[in-house]
Amino acid sequence: MSEALARPLVESFFIDYLPRQRGASRHTVRAYRDALKLLFEFVARRRGRQVASLELGDLDADAVAGFLDHIETTRSNAAVTRNCRRAALRSFFKHLMRNDPTRSLQYMRVLAIPSKKARQRPATYLEADDVRAILAEPDRRTADGWRDYALLLFLDNCGARVSEVTGVMWADLQLAPPRQVRLRGKGRKERLVPLWRETAGALHRLRGMAERADQHHVFVNRHGHPLTRDGVAYILHKYVSALAAEKRPTLAHKRITPHVLRHSCAVALLQSGTDITVIRDYLGHASVATTGRYLATNLQMKRDALDTFWEHAGIEPAQAKPWKPQPNLLAFLQSL
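Note that the coordinates shown come from a computational prediction; the quantities given were computed from them, not determined experimentally.

K.L.:
Even after reading the chapter, I still don't get the overall build of the chain, so can you show me in this structure?
P.N.:
Summing up its helical and strand segments, the chain has 16 helices and 3 strands in all. Counting the 336 residues in the chain, one finds 39% classified as buried. Counted over contacts in the chain with a minimum sequence separation of 6, partners at least 24 positions apart contribute 61%. Carbon and sulfur atoms make up 53% of the accessible area of the chain, which totals about 20,400 Å².

Following this line, the structure appears as structure tokens:
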């Protein structure tokens, strides 16, 4: 890649455009960095050169389309991940087009690469009985057990993303009425979420158990460091596995992650009759369309709607005679 031309454009994209002009978060910058790094390495292998010797002319539509196919077939990325990588690359190529108009046609062809239709699967969620069973698993007589209980209760209460939970500080909490927490979501968006009395009580006791007075994060490991995403997932998996092995074997057939508790919170709010726009704000969704997927997920609400429809339809069960195929019909079907 031409040192005089390409490196300043890459640097300006990450140092000036994303953080200063777009106000992108650190997570967004890292995600875009990973996408470009994978693209550069793929194109370099394809051209048989080092990354440092690539030129902007090498980043054409064929190379980008090949890269998107590569991460799906070779790296086994789902269509959703492919589209996320494409979005990151589109932002970069728009930056190139603004600053390198001589290759604008090349960049426009890259921008014309369409997104891939991704199959949207119903969100996995837990019923209230399963959530209560998981919350009953931690041994609250120990410090680690109480932390785990407070963590799981917080996830269920707030429907928070893992990144929001690991980033919660004691300064973000108000444990006296009105009990609430300030969560920092995607795109540096902040929202206030109310806390149950039980959640506030569990967090109040957890604070009293803190070994260090200068501990800022709410959920920490035994070394006093903030829990990571993997740490939260490990804690949840530990209790789900124990529960599935002894009391609820049906849980063994589900892949239960912290995000499943977020889905469970959304479905519980929906079942309680909460307006979908309120759920959108509660969960911090950018669009009500994202929240709307839970309408398609909740099977019980579909059953209730079907039962109500049947009752109002006033249709009586028909006492029909069982149908028997006639020989000539069977002969017709056999001839097909």
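Next comes the rest of the description.
K.L.:
Is there a simple way to think about the nonpolar core in this case?
P.N.:
Burial of nonpolar side chains together is a common tendency in soluble globular proteins. Phe-154, Leu-173, Val-181, Leu-203 and Phe-219 are the most contacted members of the largest nonpolar core, which has 54 residues in total. Mapped by element, the contributors of at least two residues to this core are helix H6 (128–135), helix H7 (143–158), helix H8 (162–166), strand E2 (180–184), helix H9 (197–208), helix H10 (229–246), helix H11 (258–271) and helix H12 (276–283). A total of 9 residues in this core trace back to one element, the largest contributor, which is H7. Apart from residues lying up to four places away in sequence, Val-181 is in contact with Phe-154, Cys-158, Val-168, Asp-172, Leu-173, Arg-191, Leu-192, Val-193 and Leu-195.

K.L.:
Explain the pairing of E2 here, please?
P.N.:
The two faces of the sheet receive side chains in turn, since in a regular strand these alternate between them. Alternating positions in E2 separate cleanly, Val-181 and Leu-183 being buried on one face and Gln-180, Arg-182 and Arg-184 remaining unburied on the opposite face. Sheet topology places strand E1 (residues 173–174) next to E2; 2 bridges connect them, and they run antiparallel. Note that in E2 the partner of Leu-173 across the bridge is Val-181. What sits between E1 and E2 in their antiparallel hairpin is a turn of 5 residues. From the end of E2 to the start of strand E3 (residues 190–194), which pair antiparallel, there are 5 residues, and Gly-187 there has a positive phi angle of about 65°.

K.L.:
Help me understand H10, please; the structure alone is not making it clear to me.
P.N.:
The α-helix advances 3.6 residues per turn, and as a result positions three or four apart in sequence lie on the same side. Spanning 18 residues, H10 covers 26 Å between terminal C-alpha atoms, matching the ideal 26 Å at 1.5 Å per step. All of the buried residues in H10 are Gly-231, Val-232, Ile-235, Leu-236, Tyr-239, Val-240, Leu-243 and Ala-244.

K.L.:
What is the right way to look at the pairing of E3 in this model?
P.N.:
Alternating positions in E3 separate cleanly, Arg-191 and Val-193 being buried on one face and Glu-190, Leu-192 and Pro-194 remaining unburied on the opposite face. Pairing geometry for E2 and E3, over 5 bridges, is antiparallel. Each residue of the ladder has a partner; that of Val-181, found in E3, is Val-193.

K.L.:
Teacher, can you tell me more about empty space enclosed by the protein here?
P.N.:
Remark: the empty space left among the atoms is shown by a probe the size of a water molecule rolled over them. Under the defined criterion, the tally for this structure stands at 1 cavity of 30 Å³ or more. By volume, the largest cavity is sized at about 50 Å³. Considering the residues around the largest cavity, the lining is formed by Val-64, Leu-68, Arg-86, Leu-89, Arg-90, Val-110, Leu-111 and Ile-113. Going through the elements one at a time, helix H3 (61–73), helix H4 (79–99) and helix H5 (104–111) are the ones with two or more residues in the lining of the largest cavity. Ranked by residue count, the leading element in the lining of the largest cavity is H4, at 3 residues. Across the lining of the largest cavity, the residue classes tally to 6 nonpolar, no polar and 2 charged.

K.L.:
For this particular structure, what's the right way to read the sheet that holds E2?
P.N.:
Hydrogen bonds between backbone atoms are what pair the strands of a sheet, whose relative direction is either parallel or antiparallel. On the basis of which strands lie adjacent, the open sheet formed by 3 strands has the order E1-E2-E3 and antiparallel pairing. Looking at the sheet topology across the chains shown, the edges are occupied by E1 and E3.

K.L.:
Explain H11 to me, please; I cannot follow it from the model alone.
P.N.:
With 14 residues, H11 extends 20 Å from end C-alpha to end C-alpha; this agrees with the ideal 20 Å at 1.5 Å per step. Across the 14 residues that make up H11, a large majority, 11, are buried. Burial in H11 covers these residues: Pro-258, Val-260, Leu-261, Arg-262, His-263, Ser-264, Cys-265, Ala-266, Val-267, Leu-269 and Leu-270. In the segment just after H11, Gly-273 is the residue with positive phi, at about 95°.

K.L.:
Even after reading the chapter, I still don't get the packing of aromatic side chains, so can you show me in this structure?
P.N.:
Any two aromatic rings considered together are summarised by their centre-to-centre distance and by the angle between their planes. Per the stated rule, a full pass over the model turns up 10 aromatic pairs. On the numbers, 6.4 Å between centres and 75° between planes, the contact of Phe-40 with Phe-92 is edge-to-face. You can see Phe-40 sitting in helix H2 (residues 26–47) and its partner Phe-92 sitting in helix H4, a full 52 residues away along the chain. Of the aromatic side chains, those joined through ring pairs into one cluster are Phe-13, Phe-14, Tyr-17, Tyr-32, Phe-40, Phe-92, Phe-93 and Tyr-107. Over the aromatic face of Tyr-149 sits the side chain of Arg-140, whose NZ or CZ is 3.8 Å from the ring centroid. Its guanidinium or amino end placed over the ring of Trp-146, Arg-205 lies 4.1 Å from that ring's centre, counting from NZ or CZ.

K.L.:
What am I meant to see in unusual backbone geometry here?
P.N.:
Backbone phi values are negative for most residues with the exception of glycine, while trans is the configuration of most peptide bonds. Cis geometry is found at the peptide bond from Pro-177 to Pro-178, where omega equals -5°. Looking at the element boundaries, Pro-178 is found in the loop between E1 and E2.

K.L.:
Help me understand the packing of helix H1 (residues 6–22) against H2 in this model?
P.N.:
Geometrically, a packed helix pair is captured by the angle between its two axes and the distance between the axes. For the pair H1 and H2, the least separation of the axes is 11 Å and the interaxial angle reads 155°. By the angle class used here, H1 and H2 are roughly antiparallel. For the element pair H1 and H2, the recorded crossing hand is right-handed. Contact with H1, carried on its side by Val-10, Phe-13, Phe-14, Leu-18 and Arg-22, involves Val-29, Tyr-32, Arg-33, Leu-36 and Phe-40 of H2 and no other residues of that element. Counted by class, the contact of H1 with H2 contains 8 nonpolar, no polar and 2 charged residues.

Rules used throughout
- Residues numbered from 1 in each chain as written.
- Predicted model: local features only at pLDDT ≥ 70, side-chain atom pairs only at ≥ 80, totals over all residues.
- Heavy atoms only, no water.
- Helix = DSSP H or I, 4+ residues; strand = E, 2+ residues; numbered from the N terminus.
- Buried < 20%, exposed > 50% of the residue type's maximum accessible area, 1.4 Å probe, protein only.
- Contact = heavy atoms within 4.5 Å.
- Areas by Shrake-Rupley, 256 points an atom, 1.4 Å probe, with all protein chains shown as cover.
- Core = buried A, V, L, I, M, F, W, Y, C linked by side-chain atoms within 4.5 Å.
- Pairing = 2+ DSSP bridges.
- Expected span 1.5 Å × (residues − 1).
- 1 Å grid on protein atoms, 1.4 Å probe; cavity = no way out; pocket = protein on both sides within 12 Å on 5 of 7 lines; lining within 4 Å.
- Points joined across faces, edges and corners; volume = space filled by probe spheres on them.
- Nonpolar A, V, L, I, M, F, W, Y, C, P; charged D, E, K, R; others polar.
- Phe/Tyr/Trp six-rings, centres within 6.5 Å; stacked < 30°, edge-to-face > 60°.
- Lys NZ or Arg CZ within 6 Å of the ring centre and 35° of its normal.
- Axes fitted to C-alpha atoms, helices over the stretch in contact; angles between N-to-C directions.
- Parallel < 35°, antiparallel > 145°, perpendicular 65-115°, else oblique.
- Left-handed = near helix turned anticlockwise from the far one by under 90°.

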